[in-house]
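What follows is each chain in one-letter form.
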Amino acid sequence: MTGQEIKNLLFLLGEEPLEALTARAYAQKCELLGKRVALRGLIEFSNFCRKNCFYCGIRRDNANVKRYRMTEDEIVAAASWSADRGYGSVVLQSGEVPSEENARFVARVVSRIHEKYGDALGITLSLGEQSEETFRLWRNAGAHRYLLRIESSNPELYARIHPCDHSWQARRDCLRMLKRLGYIVGTGVMVGLPGQTLEDLANDIVFFADEDVDMIGMGPFIEDPGTPMFNPALDDATRTAARRTKFDLTLRMIAAVRLTLKDVNIAAATALQAIDPDGREKGVLAGANVIMPNVTPRAYCAAYRLYPNKPCVHEHAEACRGCLESRLKAIGEEIAWGGRGDPLHFGKGKA
Ligand code: 5AD
Ligand code: SF4
Ligand code: FES
């Protein structure tokens, strides 16, 4: 992007009135993708993680987390449930586990789902940084999309929110590897990190463009009490006000990405709904076109807690399905039932 384009981005991120900005971005979304939202059934199949990200509720050193891994059959059942109810794709998510045993476990699960539904059901993975061999194994088993947030495009900010054995470069290299292996690749950032500037956020969008990714997921950073990034000194009123600011800034980021990168898929992150009960709908009205309803069996769902206030943990996935449908209807949007919902951008970007 040129210097002028970056200046324009900064204007969108900081100065254009929020309502005008989101209205323009929503019009762009409707023109390109219609008044339709694609759903992905999110299966959080394990909360074991080797990493220790300073912001995350399931970081390795949080001893208060009850760790679980769903069985192969449970995961396949959750995927089938989603497919049978018209969710055109599923996302298998877990913490980062580097073992070969885990790689083979995931490959078996992906193969079983892929054999059952073929190309009718999209299979997306969100399992952290892995070796090229593992990424290839999973791709060959039938996974075709991968989500790996860069968290921040600024390596210095990244270093402040992660222990020193986490590497920004390694993460970026994973994104490139995934692309080379033929995955449709998604990335994203947290919005409202301590010390994050509007320049950082503008550069995040430049990063998305430079890496030519097809899908973007961005959510507000929410302090979790079980993590080093929780500030116990804040009073409730200050905390609530800060959350609102991050929420609005996330809507600005969604709108700015829609207006600049146009045909990418943008998810209205669940973290939006942790702050505002209508958070995801507001995300859609700011230009997002994907929602990832949680289909994890509720016995596990609450233990996959990245941040407080996780929505829907007590609602059965069936209730969420109906709830979501009527919520989207209320804003004049319909659900794109059945389609895999591949991003328009895929295959059109740079070589
Ligand atoms: N607040 C908001 N988002 C978080 N994530 C992890 N912890 C938090 C938090 N405290 C996000 C990260 C990660 C994704 C799965 O969840 O961006 O990539
Ligand atoms: Fe693990 Fe992801 Fe949480 Fe980091 S953000 S601790 S990699 S689950
Ligand atoms: Fe889960 Fe509304 S989407 S209760």
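Before reading further, recall that the structure is shown in the block above.
Residues numbered from 1 in each chain as written. Chains lettered and ligands numbered in written order. Predicted model: local features only at pLDDT ≥ 70, side-chain atom pairs only at ≥ 80, totals over all residues. Heavy atoms only, no water.

Honestly, the site of ligand 2 in this entry has me stumped. Any pointers?
Close contacts around ligand 2 come from Cys49, Lys51, Cys53, Tyr55, Cys56, Ile58, Arg59 and Gly95, and that covers them all. Residue composition of the shell around ligand 2, grouped by class: five nonpolar, one polar and two charged. (Near = heavy atom within 4 Å. Nonpolar A, V, L, I, M, F, W, Y, C, P; charged D, E, K, R; others polar.)

Teacher, can you tell me more about the packing of aromatic side chains here?
Each pair of aromatic rings is reported with the distance of its centres and the angle of its planes. The full count for this structure, using the stated rule, is seven aromatic pairs. Consider the rings of Trp81 and Tyr87, whose centres lie 6.0 Å apart with planes at 85°: the pair is edge-to-face. The residues Trp81 and Tyr87 share a single accessibility class, namely buried. Relative to Trp337, the ring of Tyr87 lies with its centre 6.0 Å away and its plane at 10°, an arrangement referred to as stacked. On the criterion of sequence distance, the pair formed by Tyr87 in the loop between helix H3 (72-84) and strand S2 (89-94) and Trp337 in the segment after strand S10 (334-335) is long-range, its members being 250 residues apart. Overall, Tyr87 belongs to the buried group, its relative accessible area being 2%. A connected cluster of aromatic rings, assembled from ring pairs, spans Trp81, Tyr87 and Trp337. One Lys or Arg, Arg69, reaches over the ring of Phe105 and ends 3.7 Å from the middle of that ring. Seen from the ring of Tyr183, Arg139 lies directly overhead, with NZ or CZ sitting 5.7 Å from the centre. (Phe/Tyr/Trp six-rings, centres within 6.5 Å; stacked < 30°, edge-to-face > 60°. Buried < 20%, exposed > 50% of the residue type's maximum accessible area, 1.4 Å probe, protein only. Helix = DSSP H or I, 4+ residues; strand = E, 2+ residues; numbered from the N terminus. Lys NZ or Arg CZ within 6 Å of the ring centre and 35° of its normal.)

When you look at the pattern of salt bridges in this model, what are you seeing that I'm missing?
In this structure the tally under the stated criterion is 28 salt bridges. Where Glu44 meets Lys310, a salt bridge forms, and the shortest distance between an N and an O atom there is 2.8 Å. Note that Glu44 is positioned in strand S1 (residues 36-46) and Lys310 in the loop between helix H12 (298-301) and helix H13 (317-330), a separation of 266 residues in sequence. There is no split in this pair, since Glu44 and Lys310 are both buried. Between Asp173 and Arg172 there is a salt bridge; the shortest N-O distance is 3.2 Å. (Salt bridge = Lys/Arg side-chain N within 4 Å of Asp/Glu carboxyl O.)

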